[in-house]
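Chain by chain, the residues:
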Amino acid sequence: MTRWLDDDEMAFWRAYTVAAGRLNAAIDADLRAESGLTLDDYEVLVHLSEAPDRRVRMSELAERVVQSRSRLTQRIDRMVTRGLVERQQCPDDRRGTFAVLTDEGMTALEAAAPGHVASVRRHLLDHLDVTQIRAGADLFGTLLD
């Protein structure tokens, strides 16, 4: 039997989906205008910058950025063309490939980061008080567990 959403649950769900879509679109537009990076590009660069040796196996990176392997492969192809990322074969597994952040990619990330943070503040955080921010972190943290 289907457990339909009650009015509160439906209001929450719809507010979440619309807000998430609008936030991502606004932050993506700001990033594109200021740095030429998409939000998806930025996310890939952040994960690579935080990894040991600035490299992550492609299959693991796909999980981290919540993209299919084929979609990530296409994104990495474009980023390789731009010199932001390079591919390296995995020495332990011939089928495995690493995505590696280049110096140019790190420079692009560092240049884009202040604008990204400003955009996140302008479109999200500046509209919330500290209690709401903490509650949101707790709420979404629960969903990540």
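Located above this text is the structure these notes cover.
Because the structure is a prediction, the values reported are computed rather than measured.

Q: When you look at the pairing of strand β2 (residues 85-90) in this model, what are you seeing that I'm missing?
A: Within a regular strand, the side chains alternate between the two sheet faces. Pairing of β2 with strand β3 (residues 93-101) involves 6 bridges; the strand directions are antiparallel. Along β3, the bridge assignment pairs E86 with V100.

Q: I would appreciate a short explanation of the pattern of salt bridges in the present structure.
A: Oppositely charged side chains are able to pair whenever their charged atoms sit close together. All chains considered together, the criterion is met by 9 salt bridges. Where D40 meets R75, a salt bridge forms, and the shortest distance between an N and an O atom there is 3.4 Å. Of the two residues, D40 sits in helix α2 (residues 39-50) while R75 sits in helix α4 (residues 69-81), which places them 35 residues apart along the sequence. Put simply, D77 and R87 hold a salt bridge, and the shortest N to O gap is 2.6 Å. Taken together, the residues span a long stretch of sequence, with D77 in helix α4 and R87 in strand β2 at a distance of 10 residues.

Q: In this structure, what is going on with the nonpolar core? I would like to understand it.
A: Burial of nonpolar side chains together is a common tendency in soluble globular proteins. The biggest cluster of nonpolar side chains holds 23 residues, and the ones touching the most others in it are V44, L45, L48, L61, L72, I76 and V85. Secondary-structure elements contributing two or more residues to this core are α1 (7-35), α2, α3 (58-64), α4, β3 and α5 (103-123). Residue contributions to this core peak at 5 residues, all from α2. Apart from the residues within four sequence positions on either side, V85 is in contact with L45, L48, I76, M79, V80, A99, V100 and T102.

Q: Even after reading the chapter, I still don't get the packing of aromatic side chains, so can you show me in this structure?
A: Each aromatic ring pair is summarised here by two numbers: the centre-to-centre distance and the angle between the ring planes. In this structure the tally under the stated criterion is 2 aromatic pairs. Ring centres of Y16 and F140 lie 5.9 Å apart, and the angle between their planes is 35°; this geometry places the pair in the tilted category. With Y16 in helix α1 and F140 in helix α6 (residues 130-144), the pair connects residues that are 124 residues apart, well separated along the chain. For Y16, a relative accessible area of 37% translates into the label partly exposed. Residue classification places F140 among the partly exposed residues on the basis of a relative accessible area of 37%. An aromatic cluster is present here, built from W13, Y16 and F140 joined pairwise through their rings. Its guanidinium or amino end placed over the ring of F98, R55 lies 4.0 Å from that ring's centre, counting from NZ or CZ.

Analysis parameters
Residues numbered from 1 in each chain as written. Predicted model: local features only at pLDDT ≥ 70, side-chain atom pairs only at ≥ 80, totals over all residues. Heavy atoms only, no water. Pairing = 2+ DSSP bridges. Helix = DSSP H or I, 4+ residues; strand = E, 2+ residues; numbered from the N terminus. Salt bridge = Lys/Arg side-chain N within 4 Å of Asp/Glu carboxyl O. Core = buried A, V, L, I, M, F, W, Y, C linked by side-chain atoms within 4.5 Å. Buried < 20%, exposed > 50% of the residue type's maximum accessible area, 1.4 Å probe, protein only. Contact = heavy atoms within 4.5 Å. Phe/Tyr/Trp six-rings, centres within 6.5 Å; stacked < 30°, edge-to-face > 60°. Lys NZ or Arg CZ within 6 Å of the ring centre and 35° of its normal.

Honestly, it's all geometry; don't read function into it.
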